[in-house]
Amino acid sequence: ASPPPECPAHRSSSAGAAATEWPRAPKDAKQKPLKIKRDQPNVDDLLQKHAADIVTLRAAVASDKLFADGANNRIIPYDDIWLLRFILSNGKGKSAEKAVRATLEYRAKNADLLTRCAAGEDHPLAANLRKLTISEIYETPTEAGEPVQLIRAGKSNVKKLMDTYSADEVVENMNYQKEQAFIRCDESTRRTRRLIKMVTVVDMHSQRFSDNDKRFYKALGRASKDSEMFYPQLLEITVGINVPSYMNLIWPIAKRVMPAKTLAKFRICSAKDTVTQSAVLCPFAPAVFQPSTLVEFLGGAGPTTEVLGPVDRPKAL
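Counting restarts for each chain, with residues numbered from 1 along the sequence as it is written. Two thresholds apply to this predicted model, a pLDDT of at least 70 for residue-level local features and 80 or more for giving and counting side-chain atom pairs, whereas whole-chain, interface and lining totals are computed over all residues. As a rule here, side-chain values come from all non-hydrogen atoms in the structure, and water together with hydrogens is ignored.

**Some remarks on the confidence of the model for the protein**
Residue-level confidence of the predictor, termed pLDDT, takes values from 0 up to 100. Residue-level pLDDT values for the protein average 90, and 95% of them are 70 or greater. Contacts are assigned to residue pairs that have any heavy atoms within 4.5 Å of one another. Below pLDDT 50 for its whole length, residues 9-15 participates in 11 contacts with residues either more than four positions away or in separate chains.

Below, the structure is given as structure tokens:
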């Protein structure tokens, strides 16, 4: 199976920082503009365009007490914008209704956990899980206001993770981060009136082929399927940076367990070592971030966090 495509560059100009402003950039550096368009349509236009479908979907689930009870939620209210996301992801009719009902059940079943998330608290197991799977929603969004999930895959230890925790616990933690990102996307969408989605960046620096674990990929596949169902219109793009040469060997494994829609949004950055090289080698990073908002281990000058650690943090043991 073919590996995912690289983030392509094209000839149009970019509005980000000058290429020479990036750390370790050569004096004659030229930024590679990003060809991929991150569309953020006007929400009010979308609401008007899909008004009839929203009315139909609302009527179909109106008698569901779980839907009625969530109409005035302070965090993620079950209103027209919420219904719109399901229509955009599933189309009109029964498919959207099925997804809404499944999501209502999911949110009711996990009400205590989601309330904890809405309060800004970490997952109950986060402190321990983060010692093995290094991932968090970064404090600074992209230049377009998109929440950013940063994953230091090359520094994580997914074998020990799956030896220590159940697949259900790992999936629940992954879904918890999706909830964190969805809350931010929903707030930004309502505030800017643009449909905001999240960006995931997977740093694979230092990752070895032997580090991979099929149990983890299965858990990742479960969480991705949950995300497509329960968090419609959440993911804009996933970008792999510092990708190892063996990527073509693990891509077939990913294709067997990951949803096709999720894989279709995966791109590979051409930068191979952002620890020693400049981020301008990647079309994605300079087009989406400023030097001050991209963490140092990805080639920027931005601050890291306690979870993500410094550039030279050791691999999790």
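**Quick word on helix α6 (residues 111-118)**
Categorising residues by exposure relies on relative accessible area from a 1.4 Å probe, with only protein chains included: less than 20% of the type maximum marks a residue as buried, more than 50% marks it as exposed, and the intermediate range marks it as partly exposed. Helix and strand assignments come from DSSP, with helices taken as H or I runs of at least 4 residues and strands as E runs of at least 2, each series counted from the N terminus. Within α6, burial applies to Leu 113, Leu 114 and Cys 117. For α6, the angular spread of the buried residues around the axis is 95°, confining them to a single face. Those residues of α6 that are exposed and aimed more than 90 degrees away from the buried face are Asp 112 and Thr 115. Of the surrounding secondary structure, the elements contacted by the buried residues of α6 are α5 (94-109) and α9 (167-192). Immediately downstream of α6, the backbone of Gly 120 shows phi near 85°, a positive value. The directions from the helix axis to the C-beta atoms form the arc being described.

**Things to note about the state of the cysteines**
Note on terminology: pairs of cysteine sulfur atoms within 2.5 Å are recorded as disulfides. Following the criterion strictly, the structure yields 1 disulfide and no others. The disulfide bridge from Cys 269 ends at Cys 282, spanning 1.9 Å between sulfur atoms. Of this pair, Cys 269 sits in the loop between β5 (266-268) and α13 (284-288) while Cys 282 is found in the loop between β5 and α13, placing the two residues 13 residues apart along the sequence. Residue Cys 269 shares its accessibility class with Cys 282, and that shared class is buried.

**Observations concerning the environment of Asp 163**
One can find Asp 163 in helix α8 (residues 158-164). Separated by 60 residues in sequence, Asp 163 and Thr 103 have C-alpha atoms that sit 30 Å apart. A distance of 2.9 Å separates polar atoms of two side chains, one belonging to Asp 163 and the other to Arg 215. We call two N or O atoms a polar contact when they sit within 3.5 Å, provided that within protein one can donate a hydrogen and the other can accept it, with sequence-adjacent residues counted only if both atoms are side-chain atoms.

**A word on the side chain of Ser 224**
Along the chain, Ser 224 turns up in helix α10 (residues 214-230). Residue class for Ser 224 comes out buried when judged on its relative accessible area of 8%. The residues contacting Ser 224, other than those within four sequence positions of it, are Met 258, Pro 259 and Thr 262.

**Structural notes on the nonpolar core**
Among the nonpolar cores identified, the biggest contains 36 residues, and Leu 57, Phe 67, Trp 82, Leu 83, Val 100, Tyr 231 and Leu 234 are the most heavily contacted of them. Going through the elements one at a time, α1 (43-49), α2 (51-61), α4 (80-90), α5, α6 and α9 are the ones with two or more residues in this core. Among the elements that line this core, the one with the most residues is α4, at 6 residues. Not counting residues within four places of it along the chain, the set of residues in contact with Trp 82 comprises Phe 67, Ile 76, Pro 77, Val 100, Thr 103, Leu 104, Phe 182 and Arg 190. Throughout this description, the term nonpolar core refers to a set of buried Ala, Val, Leu, Ile, Met, Phe, Trp, Tyr and Cys residues connected via side-chain atoms within 4.5 Å. Among the nonpolar cores identified, the runner-up in size contains 29 residues, and Ala 17, Ile 241, Leu 294 and Phe 297 belong to it.

**Section: the pattern of salt bridges**
Salt bridge, as used here: a side-chain nitrogen of Lys or Arg that lies within 4 Å of a carboxyl oxygen of Asp or Glu. One pass over the full model with this rule turns up 18 salt bridges. In this structure, Glu 97 engages Arg 101 in a salt bridge whose closest nitrogen and oxygen atoms are separated by 3.0 Å. With Glu 97 and Arg 101 both in helix α5, this residue pair falls 4 residues apart, about one helical turn. Judged by its relative accessible area of 13%, Glu 97 is buried. A relative accessible area of 26% places Arg 101 in the partly exposed class.

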